[in-house]
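What the coordinates show
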Amino acid sequence: MRTFCIKCLRPESACYCAHVPQLQTRTRVVFLQHPRERRVAIGTARMAHLSLTNSELHRGVDFTGHARLEELAKNPERVAVLFPGEDAITVEEAQANPPETLIVVDGTWPQAKKVVMRNPVLAALPRIGFVPRRPSNYRIRAEPADHCVSTIEAVAEILGQLEGKPEYFDRMLGAFEFMVDTQLERQETRTGPNRRRIYKSEWRPPLELRSLAEASDRLVLFYAEANAHPLESGIPPELVHLVAVRYATGERFEAVIAPEQPLAHSTSLHVELPEEELRAGEPRAQALARFEAFLRPDDELTVWTTFALDLLWSSGLARRTARNVRLATARALKGKAGGVEQAVGLLKSPEVAAWARGRAGRRISALESVTRELVARGNATEPPAKLPRTGSEG
């Protein structure tokens, strides 16, 4: 007998909980799920509900007398239903007066229409319709038209537009992509009869890779080294070596920064720069000012680990949009990515010659090599040759 995850209700072997983010929203999302949809293993309303801390999920067809729905309907100016129709307003119109609560009806199109028609309280509320930025990636379930998307894709799309943070809410789709890829992979390796029909649309790269490719002209690859003392010393790490390269143009930046705290005994060894060179580095404020001048308003700092970003923010640089390519690498490998230098070999990426000094020089070149391979895969029209699964972090 198969065991199931009590949270996502999927078999433990297909549990997607590790890929579910916890996202804060200004908008309260209320899911109304058709009861039959609850029994669909590849449904996405629960996945969306688990991703959004400010959400709730109710099941039924006839919500007459439903206390929560009647409570919401008392303030129709604060509530909207995500459902298309001739009387639906556009997202642009909704942005002028965004709803405090968004009701999302979950089910197949016939099921969702039935829920809306059966409940006059829903019909009396304003509706919002939208055109998705991209086709659905729901490759394991048929959609009635090209503009139709799954529940989680619709919610990520509408919240991203209403709250002005599309990249933030795209994070919801990590679990969705994992579920789709897992389902398709098991279908390909299945030896027995199919439990259900699998609908395969035209192949597209995983979302993380497509997103990286779409943003390639804004990427600034970034790596940083720290003067790091043992934790028990109570001395926080500080930035001492900063390297960056603009992906689209190859423009480069490097700064060796003089430590403002005592130099840890191991720092020179780890960063692979002489102690005298570190001590003779430029002042931190001067280096950060140069880096600020190097950056453009819409640049996205692209890193392998968040430690580099934490160093930068704690040094005083104003926070800006950033992305971590390690998840995209793991998606491309269908396994653990390890360190950035290891990933170059796992991806079989063409190596980029080192142009900066020390360990930072090797790692920024490795990051560029990995990113170029990922962007190429994000722009691909055919799936790459299968790579062996990775076993450990290394």
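Since the model is a prediction, treat every value here as computed from it, not as a measurement. (Residues numbered from 1 in each chain as written. Predicted model: local features only at pLDDT ≥ 70, side-chain atom pairs only at ≥ 80, totals over all residues. Heavy atoms only, no water.)

**A few points about the packing of aromatic side chains**
Our working rule: Pairs were defined over the aromatic rings of Phe, Tyr and Trp, the Trp ring being its six-membered one, requiring ring centres within 6.5 Å. Orientation was assigned from the angle between planes: stacked under 30 degrees, edge-to-face over 60, tilted for the rest. Throughout this description, buried means an accessible area under 20% of the type-specific maximum (1.4 Å probe, protein chains only), exposed means over 50%, and partly exposed covers the range between. In this description a helix means any DSSP run of H or I spanning at least four residues, a strand means any run of E spanning at least two, and both kinds are numbered starting from the N terminus.
Scanning the entire structure with this criterion turns up six aromatic pairs. On the numbers, 5.0 Å between centres and 85° between planes, the contact of Tyr168 with Phe169 is edge-to-face. Of the residues examined, Tyr168 reaches a relative accessible area of 21% and is grouped as partly exposed. Between Phe222 and Phe291, the ring centres sit 5.8 Å apart and the planes meet at 25°, which makes this aromatic pair stacked. Separated by 69 residues along the polypeptide, Phe222 in strand β6 (residues 219–227) and Phe291 in helix α13 (residues 284–294) bring together distant segments of the chain. A relative accessible area of 0% places Phe291 in the buried class.

**Looking at the sheet that holds strand β2 (residues 55–59)**
Backbone-to-backbone hydrogen bonds pair the strands of a sheet. The strands run either parallel or antiparallel. Formally: Two strands qualify as a pair provided DSSP detects at least 2 bridges between them.
The five strands are arranged β2-β1-β4-β3-β5 in an open sheet whose pairing can be described as parallel. For this open sheet the edge positions go to β2 and β5 (127–128), each flanked by a neighbour on one side alone. Note: strand β3 (residues 79–82) against β5, two bridges, orientation parallel. Residue pairing for β5: Val81 is matched across the bridge by Arg127.

**Describing helix α10 (residues 207–214)**
By the criterion of burial, α10 is predominantly enclosed, with six of the eight residues buried. The complete set of buried residues in α10 reads Leu207, Glu208, Leu209, Arg210, Leu212 and Ala213.

**A short note on the sheet that holds strand β8 (residues 252–256)**
In plain terms, the rule: To get an axis, fit a line to the C-alpha atoms, keeping to the stretch in contact for a helix; angles then go from 0 to 180 degrees between the N-to-C directions.
Reading across from one edge, β8-β7-β6-β9-β10 is the order of the five strands in this open sheet, with mixed pairing throughout. On the outer flanks of this sheet lie β8 and β10 (322–324), each paired with one strand and no other. Mean inter-strand twist for the sheet, computed between neighbouring axes without regard to direction, equals 25°. Bridge analysis of β6 against strand β7 (residues 238–246) gives eight bridges, and the strand direction is antiparallel. Its bridge partner lying in β7, Asn227 is registered against Glu238.

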